[in-house]
Amino acid sequence: MVAPEKDPREEVIQAWYMDDSDEDQRLPHHREPKEFVSLDQLSELGVLSWKLDADNHETDAELKKIREERGYSYVDLIEVCPEKLPNYEEKIKSFFEEHLHTDEEIRYCLGGSGYFDVRDHNDHWIRVWVKKGGMIVLPAGIYHRFTLDTDNYIKAMRLFVGDPVWTPFNRPHDHLPARKEYVQAFVNKDHSDRAVDAAA
Ligand SMILES: [Fe+2]
């Protein structure tokens, strides 16, 4: 028997179910006992992930390929920490408001780390910890939020298809087409399969 190879992405991206405590949002908020979530489980929610060479992001062929394949024509860099982000406290609060976007949210961590929380099929929070080298795509229409961890620093590349739109739609915004499409594709997926089977 050969032991299954560890997914290299897990060195830079880890996910787990959150507890319900109201303590500092920057703490890990693991459940007791810990309940980790695999990157495959995340992909079932439409959340994609890669491990890339952050030190060479300017010349990285793998990043170039992802950008070409997925049409990510726009990039910029953002640093989130008290010293560098104008209106830091206000921004941190707004990032942590549960919201969705009508486009993908694509973030590539070039330094530091942060938590991207996403809702699972049952509306439970999964905390996705992204560290240097981790890149994730949150699909359009998924409810999510962001916070720094207790290190209080992330440097991230933001990518987008065409001209960027960063507008957050705070929950609830269930009537938006992007939300309906997300629910259809990822939340009701099993039900719709069954409905198709029943109709066949
Ligand atoms: Fe967002």
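Note that the structure is predicted; figures quoted are calculated from it, not measured. (Residues numbered from 1 in each chain as written. Predicted model: local features only at pLDDT ≥ 70, side-chain atom pairs only at ≥ 80, totals over all residues.)

### Quick look at helix α4 (residues 177-187)
No. 1: Within the span of α4, buried status applies to Arg179, Tyr182 and Val187. Projection of α4 onto a plane perpendicular to its axis shows the buried side chains occupying an angular sector of 70°, all on one side. Turned more than 90 degrees from where α4 packs its buried face, Pro177 and Lys180 sit exposed. (Buried ≥ 20, exposed ≤ 12 C-beta atoms within 10 Å, placed from the backbone. Helix = DSSP H or I, 4+ residues; strand = E, 2+ residues; numbered from the N terminus. Arc of directions from axis to C-beta.)

### Considering the pairing of strand β10 (residues 154-160)
No. 1: The pairing of strand β4 (residues 74-80) with β10 spans seven bridges and is antiparallel. When the bridges of β10 are listed, Glu79 appears paired with Lys155.
No. 2: As defined by bridge partners, strand β6 (residues 105-119) adjoins β10 across six bridges and the pair is classed as antiparallel. Along β10, the bridge assignment pairs Cys109 with Ala156. (Pairing = 2+ DSSP bridges.)

### Brief notes about the UniProt feature "binding site: Fe(2+)" (unreviewed entry) in the protein
No. 1: Within this numbering scheme, the UniProt entry marks His99, His101, Glu105 and His144 as carrying the feature "binding site: Fe(2+)" (unreviewed entry). For the annotated residues, spread through 46 residues, the largest C-alpha to C-alpha distance comes to 11.4 Å, consistent with a single compact locus.
No. 2: Assignment of secondary structure puts Glu105 in strand β6.
No. 3: For Glu105, a count of 23 C-beta atoms within 10 Å corresponds to the buried category.
No. 4: A tally of 23 C-beta atoms within 10 Å means that His144 is categorised as buried.
No. 5: The residues touching His144, leaving out its near neighbours within four places in the chain, are Phe116, Asp117, Val118 and Leu138. (UniProt positions renumbered as here; feature names shortened; annotations may be inferred. Contact = placed C-beta atoms within 7 Å.)

### Looking at unusual backbone geometry
Negative phi values dominate among residues other than glycine, just as trans dominates among peptide bonds.
No. 1: With an omega of -5°, the peptide bond running from Glu32 to Pro33 counts as cis.
No. 2: The residue after Arg171, namely Pro172, is reached through a cis peptide bond having omega 5°.
No. 3: Of note in this structure, Asp123 is not a glycine but carries a positive phi near 70°.
No. 4: With respect to the helices, strands and loops of the structure, Asp123 is situated in the loop between β6 and β7 (125-131).

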